[in-house]
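Results of the structural survey
Listed below, chain by chain, are the residues.
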Amino acid sequence: MPGPRQPAPPAPLPFWRMPQAALLDRLDSTAGGLGAAAAAARLARYGPNLVRAPQQAALLWRFAGKLANPLVFILVLAGALSALTGDAASSAIVGAVVVLSVTLDVVQEYRAGAAAERLRQSVAVRARVLRDGEPAEAPLAELVPGDVVLLAAGDLVPCDGRVLEARDCYVNQALLTGESYPVEKAACEQSGGDDVLAAGNAVLLGTSVISGSARVLVCRTGQATALGEVARLLQAHEPPTDFERGTHRFGLLILRMTVSLVLFVLLVNVLLQRPLLESFLFAVALAVGLTPELLPMVVSVTLARGALRMAAARVVVKRLAAIQSLGSMDVLCTDKTGTLTEARIRLEQHLDPAGQDSARVLELAYLNSHFETGLRSPLDDAILAHGGAGAAGWRKIAECPFDFERRRVSVLIDNGATRLLVVKGAPEDILRLSARHGPDAAGAVQALDTAARAAIAARCEALGRDGMRVLGIAWREVAAEHGDAVVGDETALVFAGFATFLDPPKLSARPALAALAAAGVALKTVTGDNELVARHLFGQLGLPVRGVLSGAEIDGMDELALAARAERANLFCRVTPAQKSRILLALKRRGHVVGYLGDGINDAPALRAADVGVSVDGAADVAREAADMILLEHDLGVLHAAVLEGRRTFGNIMKYIMMGTSSNFGNMFSMAAASLLLPFLPMLPVQILLNNLLYDLSELPLPLDRVDPEYLARPQPWDMVLVRDFMLAMGSVSSVFDLLTFYVMLAVFDAGAALFQTGWFIESMATQVLVIFLIRTRRSPLRSRPHPALALAALAVLAVAVGLPYTALGAALGFVAPPAGFFLVLAGMLAAYLVAVEAVKQCFFRRRRAGEPRRGRTVQPARASGPPPNQELP
């Protein structure tokens, strides 16, 4: 008889409620972290620290994915039907076309993806971790439970973990809670509470450190984290880029045309009582012929090659689709420090309210910066580098860290005899919080009346006009019995004076700005500094100030008003991180493609809001993670080179689209027309497929091709109207000469089915291949040379098409040797065709330029999916 049922053992406490010693014991770790061997073993056991599982599919599955393409599936079905009906030749050709096309696509995409991934890994965020008791750097993906990581202001939290030590550590948990205010974290025991988000001793993956520092024990990684639990929601695709929206619209255009044409041809052949299988194969071949099926591979290879070229120019691309967005960018928003200036800030003066040098101001500024543990700015570094009276004898009691809303930092310090609250920050805010000023030369502190406030404000304004960055310094003596809570009470201060700084303009900025302006990219500076300092810098760089908006003005505007003002203004001062995002979204509503260059914690929201976010290699973790591209040099000249590469990359993609759609449409339209007029098929299905395959092979080197300087001279957005109109114009010319070929074959050479199909196959291949040299440039083809590989591939394919009818393979495909006179007639028609295409091309682009709209002048309604599509020429 079974005994009484034993109660289930109690579930272990969650890591934030477990005593620290017990937690370390449970994870078999110490406060000094793991050894390298133990970490490697745990990585094999727990897997990588990734919320998303790696997407490295095996080659076999990649092939299967390509075969799931509807058009490829139809081809496979058509080949199977051919085999069942005994048409072994057609079945073999269809199979060869499918295998070759899919293989090219898979191999090239795999190589392109591998190259892009290597570049992304080169700038991947890394964590500082204790291994064998010593600090080391490790990729975030290699962290395991039991590791101990060191966090500082600006770092991304790489795990769910327990705080072992903390020093004024404030964390932004907005990703998980939606609450933008930072939360303080401390090394404390917590006996209750089931919500990890409310735990004051736990940090979570995906959050970021705003200020202070901490030592954290890794407790959960990857999909076991709080972020991993909501991964399905958070892994939703990011909003599509301008490039992705453009390719989607292009796909819909091709789909509509393909379905209409195929249904028409199939209906006609059925009404004419032609063999059903042959008619079906012919219709399928038309569908394949009209579709640029190598577009995904061409896009992947071209973007990857662009990324490699950018890497050589010191720009690492994290998101390939952003390359086109960078080429389309017509507005660049950027901070000024490090971009327009050298970021070599030095402390110039420490002045009392009367404008005299003051050792007291230097001492207070030094003490504040010395004891600050939050987000340390270059101004703090300049104060500490300048030196002062030192901090000997002083100790910090508490701190209220800097944030971008308050724009100040306070420390409460004590030297045994005196307890001081020392505050530094934006001078207008410090002055507003002050009730007295001093001490003066005699050591006296005086009331801050209206006259004194006006004099101090005027002095601050004069310093700004001289290009000085100014910090206000204030203090207040505090009674010891008030404790440390007084650190947040920044009122009734004594205004001590100013610390002034100089950051000279960057020598490379002026020519880089001129180059960007010449390339059609307008610069808008978005800064936390005041207007006077920014105006002085603009004057040094020779930049006109076309309009100024302050953060206070932005707060009082609705979205429509902001969009109108942001269009005209090129200088935004005293703005917060939230206001930066509003500015970018307002510009996007005006139809602009907006880039943002930033490197700080406060820049992360703007980097995500921009069409293309750009950061630098030394930026804060949160900024690098949010960015689409990383500059390895903080230089606008490097960014200008990347813009041109983005346009070059997109230009080669557009060449393939415009070549393929115009040539394919002309040929397929001619075939549809011929199916109405001829008693036989104008070209056998296998011949159509071979025609399409050879033409695609001739275009494979397009990613290597040169792009005309005129194309690089301006932003390049998607324009489906241009693609459609160009396809109709060029396709119509092609169809006219196809019909002329039909007449010549029937009237001059009295061609039967085999000779007709052979003659048109050769003519079709010749016109498609030779027109590559015309369509690849908007210039005269004599002024723009193609890449040698493109020229060689095109001529080789043409030679194969001309020689094929004289081979046994050609005979198996239904070709016959044409008479010698055919090639004389063909040469004349080709010359006339190329002249006609060039004339139509020049007329087409001349008319487009004459009717080209100006960009970004009309307020567009907001759309959930992003900025409205722009119908401007690429």
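Look up a bit, the structure's there.
Attention in this report is confined to the structure presented alongside it.

1. Description of the overall build of the protein chain
The helix and strand inventory of the protein chain stands at 32 helices and 23 strands. For the protein chain, with 874 residues in total, the buried portion stands at 54%. Once local pairs closer than 6 in sequence are excluded, the contacts in the protein chain between residues at least 24 apart make up 74%. Taken as a whole, the protein chain presents about 36,500 Å² of accessible surface, with 60% of it coming from carbon and sulfur.

2. Points about the sheet that holds strand E9 (residues 331-334)
Reading across from one edge, E8-E23-E22-E21-E9-E18-E20-E19 is the order of the eight strands in this open sheet, with mixed pairing throughout. Two strands close off the open sheet at either side, each with one partner strand: strand E8 (315-317) and strand E19 (548-550). Neighbour-to-neighbour, the strand axes of this sheet turn through a mean angle of 20°, independent of strand direction. Relative to strand E21 (residues 594-597), E9 runs parallel, the two being bridged by four bridges. By the bridge assignment, valine 331 is partnered in E21 with valine 594. Seen against the sheet, helix H18 (residues 531-541) touches strand E18 (522-526), E19 and strand E20 (571-573) and runs at an angle of roughly 150° to E20.

3. Remarks on the packing of helix H24 (residues 636-677) against helix H25 (residues 685-699)
At their nearest, the axes of H24 and H25 sit 12 Å apart, and the two run at 160° to each other. Of the possible angle classes, the one that applies to H24 and H25 is roughly antiparallel. Remark: the crossing between H24 and H25 carries right-handed chirality. From H24, Tyr656, Met659, Gly660, Ser663, Asn664, Asn667 and Met671 reach across to H25, where they touch Ile688, Asn691, Asn692, Tyr695, Asp696 and Glu699. Tallied by class, the residues present in the contact of H24 with H25 amount to five nonpolar, six polar and two charged.

4. What to know about the pairing of strand E17 (residues 493-502)
Judged by how many residues are buried, E17 sits mostly within the fold: nine of ten residues are covered. As paired elements, strand E10 (residues 346-351) and E17 share five bridges and run antiparallel to each other. Looking across to E17, one finds that leucine 351 is bridged to phenylalanine 498. Looking at chain direction, strand E14 (residues 434-437) and E17 are connected through three bridges and run parallel.

5. Description of the pattern of salt bridges
The final tally for this structure, using the stated rule, is 37 salt bridges. Arginine 432 is the partner of aspartate 429 in a salt bridge, and the nearest nitrogen-oxygen pair spans 3.5 Å. Note that aspartate 429 and arginine 432 are positioned in helix H15 (residues 427-432) at a spacing of three residues, about one turn of the helix. Taking relative accessible area as the criterion, arginine 432 reaches 52% and is therefore assigned exposed. Between arginine 648 and glutamate 645 there is a salt bridge; the shortest N-O distance is 2.5 Å. With arginine 648 and glutamate 645 both in helix H24, this residue pair falls three residues apart, about one helical turn. Taken together, the shared-partner salt bridges in this structure form one network comprising Arg407, Glu428, Asp429, Arg432 and Arg574.

6. Re the side chain of glutamate 399
Positionally, glutamate 399 belongs in strand E11 (residues 395-400). Its relative accessible area of 4% is what places glutamate 399 among the buried residues. For glutamate 399, the side chain forms a polar contact with the side chain of lysine 396, separated by 2.8 Å.

7. Some words on the nonpolar core
Within the largest apolar cluster, 142 residues are counted, with the highest numbers of intra-cluster contacts made by Leu326, Leu332, Phe572, Met629, Leu636 and Phe761. Considering every element that reaches this core, the biggest residue donor is H24, with 17 residues. With 25 residues, the next largest nonpolar core counts Leu347, Tyr366, Leu379 and Phe501 among its residues.

8. Quick notes on a nonpolar patch on the surface
Taken together, Leu252, Leu255, Val259 and Leu263 make up a surface patch of nonpolar side chains, about 350 Å² in accessible area. Mapped onto the fold, valine 259 is located in helix H9 (residues 242-271). For valine 259, a relative accessible area of 41% puts it in the partly exposed group.

9. A closer look at helix H32 (residues 820-850)
Here H32 spans 46 Å end to end across 31 residues, near enough to the 45 Å set by a 1.5 Å rise per residue. Those residues of H32 that sit buried are Phe822, Leu826, Met829, Leu830, Tyr833, Val837, Glu838, Lys841, Phe844, Phe845 and Arg848.

10. Considerations on the environment of lysine 524
Take lysine 524: it is sitting in strand E18. Residues lysine 524 and asparagine 570, 46 residues apart in the sequence, show an inter-C-alpha distance of 4.4 Å. The contacts of lysine 524, once residues within four sequence positions are left out, are Val331, Leu332, Cys333, Thr334, Ala566, Glu567, Arg568, Ala569, Asn570, Phe572 and Leu587. Among the polar contacts listed, one links the side chain of lysine 524 to the backbone oxygen of alanine 569, at a separation of 2.5 Å.

11. Points about the packing of helix H28 (residues 753-770) against helix H30 (residues 788-803)
In the contact formed by H28 and H30, the axes pass within 9 Å of each other and the chain directions differ by 175°. Classified by the interaxial angle, the pair formed by H28 and H30 is roughly antiparallel. Seen from H28, the contacting residues are Phe761, Ile762, Met765, Ala766, Val769 and Leu770; seen from H30, they are Ala794, Val797, Leu798, Ala801 and Val802.

12. Some thoughts on the packing of aromatic side chains
For any pair of aromatic rings, the description consists of the separation of the ring centres together with the inter-plane angle of the planes. Scanning the entire structure with this criterion turns up twelve aromatic pairs. Centre to centre, the rings of phenylalanine 495 and phenylalanine 498 are 5.4 Å apart; their planes meet at 70°, and the pair counts as edge-to-face. Owing to a relative accessible area of 0%, phenylalanine 495 belongs among the buried residues under this scheme. Ring pairing ties together the aromatic residues Phe680, Phe742, Phe756 and Trp760, which thus form one cluster. Looking at arginine 360, its charged tip hangs above the ring of tryptophan 475, at a distance of 5.3 Å from the centre.

13. A closer look at the side chain of glutamine 173
Position of glutamine 173 among the secondary structure elements: in the loop between strand E4 (160-172) and helix H6 (174-177). A distance of 2.9 Å separates a polar atom in the side chain of glutamine 173 from a polar atom in the side chain of lysine 185. Within the structure, glutamine 173 has its side chain in polar contact with the backbone oxygen of leucine 197 (distance 3.4 Å).

Rules used in this analysis
- Residues numbered from 1 in each chain as written.
- Predicted model: local features only at pLDDT ≥ 70, side-chain atom pairs only at ≥ 80, totals over all residues.
- Heavy atoms only, no water.
- Helix = DSSP H or I, 4+ residues; strand = E, 2+ residues; numbered from the N terminus.
- Buried < 20%, exposed > 50% of the residue type's maximum accessible area, 1.4 Å probe, protein only.
- Contact = heavy atoms within 4.5 Å.
- Areas by Shrake-Rupley, 256 points an atom, 1.4 Å probe, with all protein chains shown as cover.
- Pairing = 2+ DSSP bridges.
- Axes fitted to C-alpha atoms, helices over the stretch in contact; angles between N-to-C directions.
- Parallel < 35°, antiparallel > 145°, perpendicular 65-115°, else oblique.
- Left-handed = near helix turned anticlockwise from the far one by under 90°.
- Nonpolar A, V, L, I, M, F, W, Y, C, P; charged D, E, K, R; others polar.
- Salt bridge = Lys/Arg side-chain N within 4 Å of Asp/Glu carboxyl O.
- Polar contact = N/O pair within 3.5 Å; in protein donor to acceptor, adjacent residues only side chain to side chain.
- Core = buried A, V, L, I, M, F, W, Y, C linked by side-chain atoms within 4.5 Å.
- Patch = residues over 30% accessible without salt bridge, like charges linked within 9 Å, V, L, I, M, F, W, Y side chains within 5 Å.
- Expected span 1.5 Å × (residues − 1).
- Phe/Tyr/Trp six-rings, centres within 6.5 Å; stacked < 30°, edge-to-face > 60°.
- Lys NZ or Arg CZ within 6 Å of the ring centre and 35° of its normal.

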